[in-house]
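Breakdown of the fold
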Amino acid sequence: MLGSMPLLVRAGTKSMSLTFLHRLISTLTFAKLCHNQTKMPNGQAPLPMPEFVAFQTLSMYGVRKMAQTYVEQMCKGLSIHRRELPRLQLFASALGLFVEDLLPDESYSVVLEALGNVLHTLENDRGLTGFTNPRLFWQPYAHQHEDVWLPVSYVRPAIDAALASEPSASTREELRSAMGEFIEAHQQPNAAACAQLSAARSKNKHHRKACILGEKVPCGFVSADTVLLELSIRHASAVQHRSRKMLRLLARQDEKRNGKMSRVELAVLLQKLGLQVDASHVDELHSRCITLGDGELFHEDLERVLVRFGQLQRSGELQAAKAKGPGSDAADGELAELAHAWDAAVMEALGEASVAHTAESQGSTGVAGFAAIAK
């Protein structure tokens, strides 16, 4: 499955060419970045990457059968070539098509936010960088024989800003430190060194070119593909570590021991977290947390949705949504409150305090309620 689109990659399915695959990755990544930047400031959770790509291909082709054939060819191409280049590996893991390469949606959102931050700052400093249009990044990114290099002095603060939505202060600092060390170890001192390294990666008589953005910036340069893939891997590892802890705690709330959260169990969870949710909204909250499938709420679904809403809230987007006034969805507000209490629960489970959400801002009820669940 790719989102809501069923996939059947047969032995005879034609593989998408590397040339077209790179063009597709550039187009869809740019579209997803724009989608996130449009949705998140309004307090709306963006579509997950698999669902977004399924929607985009259906929009492009109009006919479901044609779109499905196109996507199956893409999947076949990725299954063959995804290990060859970081760009392909990152895209494939964001789609979640391969069990061994699953990237949480919140991790991919952080990657896209970091990339968006870099491009935005480069354009703001166009007098120094010469970066006058985002196409200067996306055009070489669409070419299979071009490496895009970014100035380190722009990459580091972009990653720091993207990690600001991470609920755990210690995890946030660990990621920043690890990425700083990675950049330090992999940066090239100048344009000539970048060009030399890109040329050394050439295969099958195809010369790889180095596209260096902000070449006049007085600093080192790092490969966009390499640093974005590393950020995705490290952030995904942190997410998985946190999720394992939280899912163990959720399991203690599961009276039937079936890995699912019934409406009654969700209502009890809300109560223990100290949240006064109107009974008429419990069903809607339950439904909103259900992913496509058999219509049941699994622990993983609940944990994923709450973390995602928490990420939106910490970034300040839900404050913008509240400015909508009476037209705002009450269930959105209650889900935001639940995500707020969930952040306190995460901090409790990890044994630390959140910089963004202290016990004073949460109130004692939510954390104490969660402590009752954990017992």
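To keep things clear, this report deals only with the structure shown in the data block. Just so it is clear, the model here is predicted, and its values are computed rather than measured.

Considerations on the overall build of the protein
For the protein, the count of helices and strands is 18 helices and three strands. Across the 375 residues that make up the protein, the buried fraction comes to 49%. At a minimum sequence separation of 6, the contacts of the protein that also span at least 24 residues come to 72%. When the accessible surface of the protein is totalled, it reaches about 17,300 Å², and 54% of it is carbon and sulfur.

Remarks on helix H4 (residues 86-95)
Where burial is concerned, most of H4 is hidden: nine out of the 10 residues are buried. Among the residues making up H4, those that are buried are Arg 87, Leu 88, Gln 89, Leu 90, Phe 91, Ala 92, Ser 93, Ala 94 and Leu 95. Following H4 by one or two positions, Gly 96 adopts a phi angle in the positive range, close to 70 degrees.

Quick notes on the packing of helix H2 (residues 49-61) against H4
Running from amino to carboxyl end, H2 crosses H4 at an angle of 95 degrees, the nearest separation of the two axes being 7 Å. With respect to H4, the axis of H2 lies roughly perpendicular. When H2 is examined against H4, the residues Met 49, Pro 50 and Val 53 are found in contact with a partner set consisting of Phe 91, Ala 94 and Leu 95. Residues of the contact of H2 with H4, tallied by class, amount to six nonpolar, no polar and no charged.

Description of the pattern of salt bridges
According to the stated counting rule, one finds 11 salt bridges in the structure shown. The salt bridge involving Arg 82 is made with Glu 100; its shortest N-O contact spans 2.3 Å. Taken together, the positions of Arg 82 in the loop between helix H3 (64-81) and H4 and Glu 100 in the loop between H4 and helix H5 (105-124) put the pair 18 residues apart, joining distant regions of the chain. Between Glu 230 and Arg 234 there is a salt bridge, with its nearest N and O atoms 2.6 Å apart. Of this pair, Glu 230 and Arg 234 both sit in helix H11 (residues 224-251), four residues apart, which is roughly one turn of that helix. Of the residues examined, Glu 230 reaches a relative accessible area of 16% and is grouped as buried.

Here's the deal with the environment of Arg 23
Locating Arg 23 in the fold gives a position in helix H1 (residues 18-39). Of the residues examined, Arg 23 reaches a relative accessible area of 48% and is grouped as partly exposed. Distance from Arg 23 to Trp 138, taken between C-alpha atoms, is 9.3 Å for residues 115 residues apart in sequence.

A word on the side chain of Gln 188
The residue Gln 188 is located in the loop between helix H9 (169-186) and helix H10 (191-200) in this model. Overall, Gln 188 belongs to the buried group, its relative accessible area being 18%. Leaving out residues up to four positions away in the same chain, Gln 188 has contacts with Trp 149, Ala 193, Cys 194, Leu 197, Gly 220 and Phe 221.

Things to note about the nonpolar core
Met 74, Phe 137 and Ile 159 are the most contacted members of the largest nonpolar core, which totals 64 residues. If you tally residues by element for this core, the top one is H5, at nine residues. Of the residues that make up this core, three or more belong to each of domain 1 (11-94) and domain 2 (103-242). Once residues within four sequence positions are removed from consideration, Met 74 is found in contact with Leu 2, Met 16, Leu 21, Leu 24, Phe 91 and Leu 95. By size, the runner-up hydrophobic cluster in this structure holds nine residues, among which are Met 261, Val 282, Leu 285 and Leu 302.

Rules used throughout
Residues numbered from 1 in each chain as written. Predicted model: local features only at pLDDT ≥ 70, side-chain atom pairs only at ≥ 80, totals over all residues. Heavy atoms only, no water. Helix = DSSP H or I, 4+ residues; strand = E, 2+ residues; numbered from the N terminus. Buried < 20%, exposed > 50% of the residue type's maximum accessible area, 1.4 Å probe, protein only. Contact = heavy atoms within 4.5 Å. Areas by Shrake-Rupley, 256 points an atom, 1.4 Å probe, with all protein chains shown as cover. Axes fitted to C-alpha atoms, helices over the stretch in contact; angles between N-to-C directions. Parallel < 35°, antiparallel > 145°, perpendicular 65-115°, else oblique. Nonpolar A, V, L, I, M, F, W, Y, C, P; charged D, E, K, R; others polar. Salt bridge = Lys/Arg side-chain N within 4 Å of Asp/Glu carboxyl O. Core = buried A, V, L, I, M, F, W, Y, C linked by side-chain atoms within 4.5 Å. Domains from an automatic or database assignment.

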